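Tertiary structure, described
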Amino acid sequence: MKWPSSLFFGFFVIYNSIANADSRNFWVSPLGNQCNKTQCLCTELYPCTLDNQLINKLVPGDSVKLKSGTYPSFTIDNLNGNLEKPIRFIGPSQGLPAHFSGKIDSTRDVIEIKQSSYITLENLKVSGALRAGIRVNNSHFVTINNNELVENGVWGIFTNHANNFTAAFNKIVGPAKEHGIYQSNSGDNVIITGNYIVNFNGCAVHFNGDLSMGGAPEVAGDGIISNIIVSNNFLAGN
């Protein structure tokens with residue numbers, strides 16, 4: 001039996017918002033200790049730094065819990081969860097945010113998710129990018145949920161060659177050179193729902209299949225973005 005695509009996508013958004021009961025939690029802080037051992041505790045009381053040594057230890061179902069503070073840019077590269085156990089990066093739900101600032105290191109894209117899958121970003125603040133606050137690069141089943149993206153140079157969120165992408169309940173505010181959310185390069189199965197997107201020089205939400213860019217792993221490169229749901233967003237001043 002073939003399930004309706006809207007039913008599947010709705011399930012995926014809901015499922016990704018639920019913490020996996022048997023996941024490991026790694027607490028991180030801008031002032032934490034480097035995770036340079038085989039076993040890193042990274043507890044709430046003794047957090048680690050957010051770096052590649054920690055990210056490389058993550059397995060499906062793990063959660064990285066970020067304490068309040070200001071973080072430099074970072075890249076998630078070749079990291080894969082799965083449908084039952086996504087890997088989650090979660091900031092505080094109350095109080096001061098986990099704030100990723102491109103002004104610290106003048107990075108083009110502040111957070112880049114590259115060649116990865118089943119990754120969720122939640123409750124983060126991202127600002128000061130020269131280009132995109134968050135870039136989803138040739139990565140699939142990525143959910144960007146309940147984040148704040150402000151004053152980034154060109155785009156709030158930019159995706160390329162990315163299937164099964166969800167942006168839900170984010171606050172995305174310009175001014176910026178182009179778009180709030182930019183889905184590009186033939187990536188299919190997209191949900192844009194419940195977002196607040198204002199004050200961009202281009203579009204609030206922009207889709208560009210771009211046949212000239214070709215394909216990538218798991219992306220046909222047909223120049224068409226198929227199966228899009230755009231619902232319940234507040235879009236103004238774009």
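Our subject in this report is the structure included herewith. What you are looking at is a predicted structure, and each value in this text was computed from that prediction instead of being measured.

1. Here's the deal with the sheet that holds strand S12 (residues 148-150)
Across the sheet, 7 strands lie side by side as S3-S6-S9-S12-S15-S18-S21; this open sheet has parallel pairing. With one partner strand each, in any of the chains shown, strand S3 (69-71) and strand S21 (234-236) form the two edges of the open sheet. Between one strand axis and the next, the sheet turns through 10 degrees on average, direction left out of account. Pairing geometry for strand S15 (residues 171-173) and strand S18 (residues 196-198), over 3 bridges, is parallel. The residue of S18 that forms the bridge with Lys 171 is Tyr 196.

2. Regarding the packing of aromatic side chains
According to the stated counting rule, one finds 8 aromatic pairs in the structure shown. Taking 4.9 Å as the distance between ring centres and 25 degrees as the angle between the ring planes, the aromatic pair formed by Tyr 71 and Phe 100 counts as stacked. Here Phe 100 lies in strand S6 (residues 98-101) and Tyr 71 lies in strand S3, a separation of 29 residues in the sequence. For the pair formed by Tyr 71 and Phe 100, the shared burial category is buried. Taking the centre distance of 4.3 Å and the plane angle of 20 degrees together, the rings of Trp 155 and Phe 158 count as stacked. Accessibility assignment for this pair places Trp 155 and Phe 158 in one class, buried. A connected cluster of aromatic rings, assembled from ring pairs, spans Tyr 71, Phe 74, Phe 89 and Phe 100.

Basis of the calculations
- Residues numbered from 1 in each chain as written.
- Predicted model: local features only at pLDDT ≥ 70, side-chain atom pairs only at ≥ 80, totals over all residues.
- Heavy atoms only, no water.
- Pairing = 2+ DSSP bridges.
- Helix = DSSP H or I, 4+ residues; strand = E, 2+ residues; numbered from the N terminus.
- Axes fitted to C-alpha atoms, helices over the stretch in contact; angles between N-to-C directions.
- Phe/Tyr/Trp six-rings, centres within 6.5 Å; stacked < 30°, edge-to-face > 60°.
- Buried < 20%, exposed > 50% of the residue type's maximum accessible area, 1.4 Å probe, protein only.

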